[in-house]
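# Analysis of the macromolecular model
Single-letter residue listing:
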Amino acid sequence: MSYNFDEERIIHEIEARNAKKVLLQFPEGLKYFSIEIVNKLRKKIPNVDFIISGEPSWGACDIAEDEAIQIGADLIVHFGHTPYTWYYPKFPTVFINAESTIKLTNEALEDLVKKISKYNGNKISLTATLQHIKMLQEVKSFLENMGYEVVIGKPSSKFMFDGQVLGCDYKAAEVPADIYVIISGGMFHALGLGLSTNKPTIKLDPYLQKSEDVTNEVNRILKIRYGKIMQAMDKRNWVIIQGIKVGQNRPLMVKYFYDELTKRGYNVYIVTNKVLTIDVLRNIDRSYIDVYLVTSCPRLPIDDLYNYEKPVLTPGEAKMIINNNFERYIFPW
């Protein structure tokens, strides 16, 4: 397995807490390894019952507390995330980073410099997802030896590492820079970084051992998002989606938008939801509903609901409309 699942720490935590039934929760990319993890743990602590959560887990905002209570678990072991920026679970939970054990090749680092050199800039913001956080210093040293100035920003939470970003939290990238580099697999976090900075964005992918300039793709998405904002600007019938997963419930945010929109004479409805899909929207839709505003997760309108028939906005996009200011795209919040 190309990840460190820190089984010894898990065993220590279970024994220290005298847990007898443990719920193991994995994000989608790590569920593949779940059976092997159970096999390893059973060999060391055979008297403990291990149950794997098969439900989707989208982040540290989505801890399976209700699920653990239903099955009578004593402890949740949550893999792949640090505790969320503003929410810490009330149910006993152990967070396991599951950091990648992949090593970067010199060719991968040289490919990164090649992509960076296309831009006229010397100052680099360097970030990473949790799985690759330990690569930051290596990449920083390499780039500095190539003559670049590299900044690793501070995160928004004491639970996070310097330079660590989430799909909805790019505080560590809020530093002045010419080019923004993220170490991550896939496109999810890289696109979020580009949307939050609106600057040249390059992804260094440890799995593929190469870099990709995602700036053009970010610009394409920005055009789509501005189109949604323009469609929603003069509309008066809004539905606010209030997430009710424990880490996605933002009642103060819902109140802010409800108050601001009703103050302008808009008709506003609030709908609670756990798992938001296009089918959910279609089931509650009416001909007179104009706009949907999602407060549970700002990635849903961009990644999952972008092709819905009516504008589905992020909180940041709704703020742009309320403030009547469209010069700077606000992402995520």
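Now for a quick tour of the structure. (Residues numbered from 1 in each chain as written. Predicted model: local features only at pLDDT ≥ 70, side-chain atom pairs only at ≥ 80, totals over all residues. Heavy atoms only, no water.)

## So, the overall build of the protein chain
Helix and strand content of the protein chain: eleven helices and 15 strands. In terms of overall size, the protein chain behaves like a compact globule, its C-alpha atoms giving a radius of gyration of 21 Å where 333 residues would be expected to give roughly 20 Å. With respect to the principal axes defined by its C-alpha atoms, the protein chain has extents near 60 × 55 × 30 Å. For the protein chain, the proportion of its 333 residues judged to be buried stands at 56%. Put simply, of all contacts in the protein chain between residues at least 6 apart along the chain, 66% involve residues at least 24 apart. (Helix = DSSP H or I, 4+ residues; strand = E, 2+ residues; numbered from the N terminus. Rg over C-alpha atoms; globule rule 2.2 N^0.38 Å. Buried < 20%, exposed > 50% of the residue type's maximum accessible area, 1.4 Å probe, protein only. Contact = heavy atoms within 4.5 Å.)

## Thoughts on the pattern of salt bridges
Applying the stated rule across the entire model yields 23 salt bridges. The salt bridge involving Asp111 is made with Lys115; its shortest N-O contact spans 3.0 Å. Of this pair, Asp111 and Lys115 are both found in helix H4 (residues 106-116), four residues apart, which corresponds to roughly one turn of the helix. Exposure class is identical for Asp111 and Lys115. Each is buried. In this structure, Lys203 and Glu212 form a salt bridge, with 3.5 Å as the shortest nitrogen-oxygen distance. Residue Lys203 is classed as buried on the basis of its relative accessible area of 3%. We classify Glu212 as partly exposed; its relative accessible area is 36%. (Salt bridge = Lys/Arg side-chain N within 4 Å of Asp/Glu carboxyl O.)

## Focus on the layout of surface pockets
Quantified by volume, the largest pocket comes out at close to 1,000 Å³. Looking at the largest pocket, it is lined by 44 residues, and the ones nearest its centre are Trp58, Gly59, His81, Phe188 and His189. The dominant element in the lining of the largest pocket, judged by the number of residues it contributes, is helix H10 (residues 299-304), at four residues. Looking at side-chain class alone, the lining of the largest pocket contains 20 nonpolar, 17 polar and seven charged residues. (1 Å grid on protein atoms, 1.4 Å probe; cavity = no way out; pocket = protein on both sides within 12 Å on 5 of 7 lines; lining within 4 Å. Points joined across faces, edges and corners; volume = space filled by probe spheres on them. Nonpolar A, V, L, I, M, F, W, Y, C, P; charged D, E, K, R; others polar.)

## Some words on the sheet that holds strand S2 (residues 21-25)
In spatial order, the strands read S3-S2-S4-S5; together these four strands make up an open sheet with parallel pairing. Looking at strand neighbours, the two that pair on one side only are strand S3 (49-52) and strand S5 (93-96), the edges of this open sheet. Strand-to-strand, the axes of this sheet are offset by a mean angle of 20°, without reference to chain direction. Helix H1 (residues 7-17) rests against S2, S3, strand S4 (75-79) and S5 of the sheet, and its axis sits at about 170° to S5. (Pairing = 2+ DSSP bridges. Axes fitted to C-alpha atoms, helices over the stretch in contact; angles between N-to-C directions.)

## A closer look at the packing of aromatic side chains
In this structure the tally under the stated criterion is 13 aromatic pairs. Consider the rings of Tyr226 and Tyr329, whose centres lie 5.9 Å apart with planes at 50°: the pair is tilted. Of the two residues, Tyr226 is situated in helix H7 (residues 215-232) and Tyr329 in the segment after helix H11 (315-323); the sequence distance between them amounts to 103 residues. Exposure remark for Tyr226: the relative accessible area of 24% places this residue in the partly exposed category. When its relative accessible area of 4% is taken as the criterion, Tyr329 is described as buried. Ring pairing ties together the aromatic residues Tyr3, Phe5, Phe26, Tyr32, Phe33 and Phe79, which thus form one cluster. (Phe/Tyr/Trp six-rings, centres within 6.5 Å; stacked < 30°, edge-to-face > 60°.)

## Observations concerning the nonpolar core
Of all hydrophobic cores here, the largest spans 36 residues; its most connected members are Leu195, Trp238 and Tyr329. Listing elements by their share of this core, those giving two or more residues are strand S9 (179-183), helix H6 (188-197), H7, strand S12 (237-243), helix H8 (251-263), strand S14 (291-294) and H11. When residues in this core are grouped by element, the largest group, five residues, is from H7. If we skip the residues at most four places from it in the chain, Trp238 touches Ala232, Leu261, Tyr266, Asn267, Val268, Tyr269, Val291, Leu293, Leu313, Ala318 and Ile321. Counting 24 residues, the second-largest nonpolar core is a separate cluster that includes Leu136, Ile183, Ile202 and Leu204. (Core = buried A, V, L, I, M, F, W, Y, C linked by side-chain atoms within 4.5 Å.)

## Thoughts on the environment of Arg220
Following the sequence through the fold, Arg220 ends up in helix H7. Side-chain polar atoms of Arg220 contact the side chain of Glu217, separated by 2.7 Å. (Polar contact = N/O pair within 3.5 Å; in protein donor to acceptor, adjacent residues only side chain to side chain.)

## Thoughts on the pairing of S5
Neither face of S5 is left uncovered, since the one carrying Thr93 and Phe95 and the one carrying Val94 and Ile96 both have all their residues buried. Strand direction decides the pairing type here: S4 and S5, joined by four bridges, are parallel. Looking at the pairing, Phe79 lines up with Ile96 of S5.

## Some points on helix H2 (residues 34-44)
Among the residues of H2, Ser34, Ile37, Val38 and Leu41 are the ones counted as buried. Summarising the axial view, the buried residues of H2 lie within an arc of 100°, below the 170-degree limit, and thus occupy one face. Looking at the packing, one finds that the buried side of H2 touches H1, S2, S3 and S4. (Arc of directions from axis to C-beta.)

## Observations regarding the environment of Ile116
By secondary structure assignment, the location of Ile116 is in helix H4. Overall, Ile116 belongs to the buried group, its relative accessible area being 0%. Residues Ile116 and Leu261 lie 145 residues apart in sequence; the distance between their C-alpha atoms is 43 Å. With near-sequence residues (within four places) excluded, Ile116 lies in contact with Ile124, Leu143, Tyr148, Ile179, Val181 and Ile202.

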